[in-house]
Amino acid sequence: QVQLVESGGGLVQAGGSLRLSCVASGRTFSSYSMDWFRQAPGKEREFVAAISRSGGRTYYADSVKGRFIISRDNAKSTVYLQMNSLKLEDTAVYYCAAAFGDTIAVLTPDYWGQGTQITVSS
């Protein structure tokens, strides 16, 4: 089992920045590629960003490319999502997820966090 705990959510004005963190425990963190997903009210959960086990490969949804940066620190068992130039449409619950192996952008990860709310205001 892998336990994932997100933090860093909150309320931010449009154009602002936030950094999410997700701490993993329970298994070897470096064995998992890591993802961020989000779910806005009334919408399905969607993929946001992914990072390989070593951090050498990343992948982003078109909607966040150039604004969000995913990174990881394997020594701290933590994955981050730096969110810049936030827009109203970025408002959602953000989830981190872990997928065993090195395939990134897995749409059905093995483990999920509980989510953290991001609200972008005008």
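Fair warning: this is a prediction, and the values are worked out from it, not measured in the lab.

A. Structural context of the pattern of salt bridges. Going through the model one piece at a time under the given rule, you end up with six salt bridges. Between Arg 38 and Asp 90 there is a salt bridge, with the nearest N and O atoms lying 2.8 Å from each other. Of this pair, Arg 38 sits in strand S4 (residues 32–39) while Asp 90 sits in the loop between strand S8 (78–83) and strand S9 (92–100); the two residues are 52 residues apart in sequence, bridging distant segments of the chain. Judged by its relative accessible area of 5%, Arg 38 is buried. Of the charged contacts, one joins Arg 57 and Asp 102 as a salt bridge, the two residues approaching to 2.9 Å between their closest N and O atoms. Of this pair, Arg 57 sits in the loop between strand S5 (46–51) and strand S6 (58–60) while Asp 102 is found in the loop between S9 and strand S10 (111–112), placing the two residues 45 residues apart along the sequence.

Cut-off values and rules
Residues numbered from 1 in each chain as written. Predicted model: local features only at pLDDT ≥ 70, side-chain atom pairs only at ≥ 80, totals over all residues. Heavy atoms only, no water. Salt bridge = Lys/Arg side-chain N within 4 Å of Asp/Glu carboxyl O. Helix = DSSP H or I, 4+ residues; strand = E, 2+ residues; numbered from the N terminus. Buried < 20%, exposed > 50% of the residue type's maximum accessible area, 1.4 Å probe, protein only.

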